[in-house]
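# Structural overview for review
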Amino acid sequence: MGGEEDDEPASKRMKLSSKELRHLSNGSTIKEPVAGSSGDLMARPLQSEGGEEVVGSKGVIKKVEFVRIIAKALYSLGYIKSGARLEEESGIPLHSSVVNIFMRQILEGNWDESVVTLHNIGLTDERTIKSASFLILEQKFFELLDEENVMDALKTLRTEIAPLCINNSRVRELSSFIVSPSHCFSVRSCKQDTLRARSRTKLLEELQKLLPPTVMIPERRLEHLVEQALVLQRDSCMFHNSLDKEMSLYADHQCGRDQIPSQTLQILQAHTDEVWFLQFSHNGKYLASSSNDKSAIIWEVDANGVSFKRKLSGHQKPISSVSWSPDDHELLTCGVEEVVRRWDVPSGECLHVYEKAGLGMVSCGWSPDGKWIFSGVNDKSICMWELDGKELECWKGPRTLKISDLEITNDGKQIISICRERAILLLDREAKVERFIEEDQTITSFSLSRDNRFLLVNLLNQEIHLWNIEGDVKLVSKYRGHKRTRFIIRSCFGGLEQAFIASGSEDSLVYIWHRGRGELIEALPGHSGAVSCVSWNPANPHMLASASDDRTIRIWGLKNLSAKRKDTHSNGIHYCNGAT
Amino acid sequence: MDVDPRQYEHIEVNDNDIHNIVMSYLVHNCFKETVESFIACTGMKQPSDYLEDMEKRKRIFQFALEGNALKAIELTEQLATNLLEKNKDLHFDLLSLHFVELVCSRKCTEALEFARMKLSPFGKEQKYVEKLEDFMALLAYEEPEKSPMFHLISLEHRRLVAESLNRAILAHANHPSYTAMERLIQQTTLVRQCLNQEHAKDGPPPFSLKDFLKS
């Protein structure tokens, strides 16, 4: 099959090339449709090492294969005449003549001849030949049964199928069919109720899958190759941050920087001291911030941007962190070595204060069903409480540090906290198994990914490490560039499918990296003090919030949106035309 | 054997019991002439009721063992009416014996016909399905002895069916379906097994008839 085009006279080849060039949209390799020009790869085909013609600038695509899968695609699309014409013009038949005969015999039901042809196709694997013969004879068997020609069917089974000595369990099933064609004994061997001989086209498809692709081209091969390329492009797109970006075949997919939030849309000034922590609610409709000024503020996110909703006062100490309940109706706030308070978001009422005599809380978190809360205590233990304040469990021993983050996984099983200067504890509270992430440097904070498979760890030495925490913990990536010397800086996951990492920094910039590639994408100026915490809106990949020692919160969004956007309702993002 | 044989002296065994044990064995296996001479030698009472049936049972057993299942069925119906109706498993086993005969004599059409008429109705019940498929599979092979189901055409299989039939006939006539001897050996084996499990190394070893006979 491979040698056929070698018989073509050179002149025909030249004529082909100019004609084909007009049809091919492969713009990158074809320069001028002039026969004989040196840039014209189709007219003077290159020889690959194997001596076959190749197309494409890299010389890896074999022309024969290329034309054949195009012809196959044409036939699949229903353009029978075009497919036939291509075969004719290129002189490259889709299938060898033997295969064509074989296919015709199958469709016409010439079973015995088709088995003979099968042996002539040139297959090397005995097993494949037998499996294919089995399929064909099985079809013969069923068609005979359909015609109620039981004795011939039995003869086929005995003299042709069983001697193949493969698939004995199927042979067994076929025997049962003979005895009782109208109904099967056991449900599992019944494929369809009445029509047992499937269509010959289906048989051909099955044979196609069985035979090697060089003999019979698999269905939809060209489509599969194109899809592969598109997926690869999308995965390598560093700024890919919007759902509605469609992929086109005309040009490589490439999102621009404009998909990453990089412009300050709003500056929120309501705290009277350094803002230490902030976090969007799970539904992205609220933002909670906490500050050295001993208060927490709930902000509302809507079409017009982020607006002040209410201030929660009551703590006697600065609030180190907040935690949203799973349904976003309640908020926990934790005072530094003080108490944990539970607030009702709509009313701002403090529902409960969790405290331990003589001790102070250092962190807080919710169980995924919202029924219990967890808190780290400054005696290095972690406590679990019922909402009404009843203490349920307490894990003692070095489980947490004086300042520590606390996270609980979505299945409610694992509690994660910093237990030693350089170690994070992953405690499986049911199985009572402890795993550790050990670092060489002091750990300052961490953040859990939404799918709970990864942990982002901030270190003293200005590195952020990404760990895979499924099974054995594994270090996956490192991110650098931001500054951290004295304070706790926090980082977070964000963007579409959490493909980005954002972090605060002591140099007042907000840093954004591409998670997969580890490359720094943005370092956003704006704040006038160290940025201690960032939070990316889980419902809006284009909204990022940062909290700073300059007492403000900045909301970041896409640049130049009002100018660019034609329809603002397409993905629910509305932009505030706020100035920087 | 770890158990001290001298301990057996304390246990009395009645001669009559022994005679009965032997008799039950002989009767079960239809050794008619041996039964008659045993009775003569020991002066036992003749257990009249099942002597005549013994001859019939013997013939049924023989036919089943040969593979002549239809004859076996016919005679069974005569001797013990409704037995096969009540004992569907056995009926199936016997019918499939006949099927196997047909297949082995290469009478495919007849075998197919027979299977359709007599065997496939059993397929309505889930418990027969797999066995049925096993037998049907024999049809697919020109040399059933070389098929994966070759055990179904073996003498061993026929013997199992024949013995099963024998037991069923005895049970039907309200006679014990297992010989006393068999039961005794089974019991000993089980008791020894339990003791062995409980006491591990300290207890007596598992019962082996072979060893016992040699000792």
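Fair warning: this is a prediction, and the values are worked out from it, not measured in the lab.

## Here's the deal with the overall build of chain B
What chain B contains, in helices and strands, is 11 helices and 0 strands. For chain B, the succession of helices and strands along the chain, N to C, is α-α-α-α-α-α-α-α-α-α-α. Looking at chain B residue by residue over its 215 residues, the buried ones come to 38%. Contacts in chain B between residues at least 24 apart in sequence constitute 54% of all its contacts with a sequence separation of at least 6. Counting every atom, chain B has about 13,100 Å² of accessible surface; 52% of that belongs to carbon and sulfur.

## As for the overall build of chain A
Helix and strand counts for chain A come out as 11 helices and 31 strands. For chain A, the residues scored as buried account for 51% of the 580 residues in total. Long-range pairs, those at least 24 residues apart, make up 45% of the contacts in chain A with a sequence separation of at least 6. Roughly 27,600 Å² of accessible area belongs to chain A as shown, and the carbon and sulfur atoms make up 50% of that amount.

## Description of the interface of chain A and chain B
Every contact between the two is made by 19 residues of chain A and, on the other side, 21 residues of chain B. Taken together, the two surfaces of chain A and chain B that pack against each other cover about 1,900 Å², and 61% of this comes from carbon and sulfur. If you look at where chain A meets chain B, you find 2 salt bridges. Two residues, A:Arg172 and B:Glu133, come together in a salt bridge whose shortest N-O distance is 3.5 Å. The tally of links between chain A and chain B comes to 8 residue pairs in polar contact (both at pLDDT 80 or more). Of all the elements, helix α8 (residues 168–179) of chain A adds the most residues to the side of chain A that touches chain B, at 7 residues. Residue classes in the side of chain A that touches chain B are distributed as 10 nonpolar, 6 polar and 3 charged.

## A look at the sheet that holds strand β5 (residues 275–280) of chain A
Residues and elements named next belong to chain A. With antiparallel pairing, the 4 strands of this open sheet are ordered in space as β5-β6-β7-β8. One side of each edge strand has no neighbouring strand; the edge strands of this open sheet are β5 and β8 (305–312). Pairs of neighbouring strands in the sheet enclose a mean axial angle of 25 degrees, with direction left out of account. Where strand β7 (residues 296–302) meets β8, 7 bridges bridge the pair, whose relative direction is antiparallel. From the neighbouring strand, Trp299 faces β8, where its bridge partner is Phe308.

## Side note on the confidence of the model for chain B
All names here are of chain B. Per-residue pLDDT for chain B has a mean of 86; in total, 94% of the residues score no lower than 70. Per-element confidence in chain B ranges from a low mean pLDDT of 81 for helix α11 (residues 209–214) to a high of 92 for helix α6 (residues 88–104). For this predicted complex, the interface score ipTM comes out at 0.75, while the overall pTM is 0.55.

## Re the pattern of salt bridges
This structure, assessed with the given rule, holds 28 salt bridges over all chains. Among the ionic pairs, A:Lys63 bridges to A:Glu53, the shortest N-O distance being 3.3 Å. Placement of A:Lys63 in helix α2 (residues 63–77) and of A:Glu53 in strand β2 (residues 53–55) is noted, with a sequence separation of 10 residues between them. One exposure class covers both A:Lys63 and A:Glu53, and it is buried. We note a salt bridge from A:Arg172 to B:Asp134, for which the minimum N-O separation is 2.1 Å. In this pair, A:Arg172 sits in helix α8 while B:Asp134 sits in helix α8 (residues 126–137), so the two residues belong to two different chains. Residue class for A:Arg172 comes out buried when judged on its relative accessible area of 14%. By relative accessible area, which is 18% here, B:Asp134 ends up buried. The network of salt bridges with common partners includes A:Asp112, A:Lys140 and A:Glu160.

## As for the nonpolar core
Considering soluble globular proteins, one finds that nonpolar side chains tend to be buried as a cluster. One finds A:Phe141, B:Phe99 and B:Leu165 to be the most contacted residues of the largest nonpolar core, which totals 84 residues. Top contributing element to this core by residue count: helix α6 (residues 126–146) of chain A, with 10 residues. With residues near it in sequence (within four places) discarded, A:Phe141 still touches A:Ala153, A:Leu157, A:Ile161, A:Leu174, A:Phe177 and A:Ile178. Residues A:Leu268, A:Phe277, A:Met543 and A:Ala547 belong to the second largest nonpolar core, which totals 27 residues.

## Concerning the sheet that holds strand β28 (residues 520–524) of chain A
In a beta sheet, neighbouring strands are held together by backbone hydrogen bonds and run either parallel or antiparallel to one another. Residue and element names in this part refer to chain A. Ordered in space as β25-β26-β27-β28, the 4 strands form an open sheet in which the pairing is antiparallel. Two strands lie at the open edges of the sheet, namely β25 (491–494) and β28, each paired on one side alone. Averaged over all pairs of adjacent strands, the angle between strand axes in this sheet comes to 20 degrees, irrespective of strand direction. Direction of pairing for β25 relative to strand β26 (residues 500–503): antiparallel, over a ladder of 4 bridges. Bridge pairing in β26 places Gly494 opposite Phe500.

## Details of the packing of aromatic side chains
According to the stated counting rule, one finds 14 aromatic pairs over all chains in the structure shown. Measuring from centroid to centroid gives 5.3 Å for A:Phe142 and A:Phe177, while their planes differ by 80 degrees, and the two rings are edge-to-face. Highlighted residues: A:Phe142 in helix α6 and A:Phe177 in helix α8, separated in sequence by 35 residues. Both residues of the pair, A:Phe142 and A:Phe177, count as buried. Centre to centre, the rings of A:Trp299 and A:Phe308 are 5.8 Å apart; their planes meet at 90 degrees, and the pair counts as edge-to-face. Looking at A:Trp299, the relative accessible area reads 3%, which means it is buried. Here the aromatic residues B:Phe92, B:Phe122, B:Tyr128 and B:Phe135 are joined through ring pairs into a cluster of three or more. We note A:Arg420 situated over the ring of A:Phe436; from NZ or CZ to the ring centre the distance is 5.4 Å.

## Considering the pairing of strand β19 (residues 423–428) of chain A
All names here are of chain A. Across the 6 residues that make up β19, a large majority, 6, are buried. Neither face of β19 is exposed, since Ala423, Leu425 and Leu427 on one face and Ile424, Leu426 and Asp428 on the opposite face are all buried. Bridge count for strand β18 (residues 414–420) against β19 is 6 bridges, and the pairing is antiparallel. The residue bridging Ile418 from the neighbouring strand is Ile424, located in β19. Counted between consecutive antiparallel strands, the loop separating β18 from β19 contains 2 residues. Looking at chain direction, β19 and strand β20 (residues 433–438) are connected through 6 bridges and run antiparallel. Across the sheet, Leu426 pairs through a bridge with Arg435, a residue of β20. If you look at the hairpin formed by β19 and β20, you'll find 4 residues sitting between the two strands, and Lys432 has a positive phi there, around 55 degrees.

Calculation rules
Throughout, residues of each chain are indexed from 1 in the direction in which the sequence is written. As a convention, the first chain written is A and the first ligand written is 1, with the rest following in written order. The predicted nature of this model means local features are confined to residues of pLDDT at least 70 and side-chain atom pairs, given and counted, to a pLDDT of 80 or more, with totals for whole chains, interfaces and linings taken over all residues. Based on all heavy atoms of the structure, the side-chain values leave hydrogens and waters out of the count. Comment: elements are numbered from the N terminus, with helices defined as DSSP H or I runs of at least four residues and strands as E runs of at least two. In this scheme, a residue with accessible area under 20% of its type's maximum is buried, one over 50% is exposed, and one in between is partly exposed, where area comes from a 1.4 Å probe on protein chains only. By definition in these notes, contact holds between two residues if any of their heavy atoms fall within 4.5 Å. Calculation of accessible area relied on Shrake-Rupley with a 1.4 Å probe; when residues are assessed, cover is drawn exclusively from the protein chains displayed. Throughout, buried area stands for the accessible area (probe radius 1.4 Å) lost by two parts on being put together, summed over both. For salt bridges, the criterion is a side-chain nitrogen of Lys or Arg within 4 Å of an Asp or Glu carboxyl oxygen. Nitrogen and oxygen atoms within 3.5 Å of one another constitute a polar contact, given that in protein one can donate a hydrogen and the other can accept it, and given that sequence-neighbouring residues count only through two side-chain atoms. Residue polarity is assigned by list, with Asp, Glu, Lys and Arg as charged and Ala, Val, Leu, Ile, Met, Phe, Trp, Tyr, Cys and Pro as nonpolar; anything else, Gly included, falls into the polar class. For two strands to pair, DSSP has to find at least two bridges joining them. Only the stretch in contact is used when a helix axis is fitted, and all axes are lines through C-alpha atoms; the angle between N-to-C directions ranges over 0 to 180 degrees. pLDDT runs from 0 to 100 and stands for how confident the predictor is about each residue. Throughout, nonpolar core names a set of buried Ala, Val, Leu, Ile, Met, Phe, Trp, Tyr and Cys residues whose side chains join them through atoms within 4.5 Å. Stacked, tilted and edge-to-face are the three classes assigned to paired rings of Phe, Tyr and Trp, where Trp is represented by its six-membered ring and a pair needs centres within 6.5 Å; plane angles under 30 degrees give stacked, over 60 edge-to-face, the rest tilted. Whether a charge lies above a ring is judged from NZ of Lys or CZ of Arg, which has to be within 6 Å of the ring centre and within 35 degrees of the ring normal.

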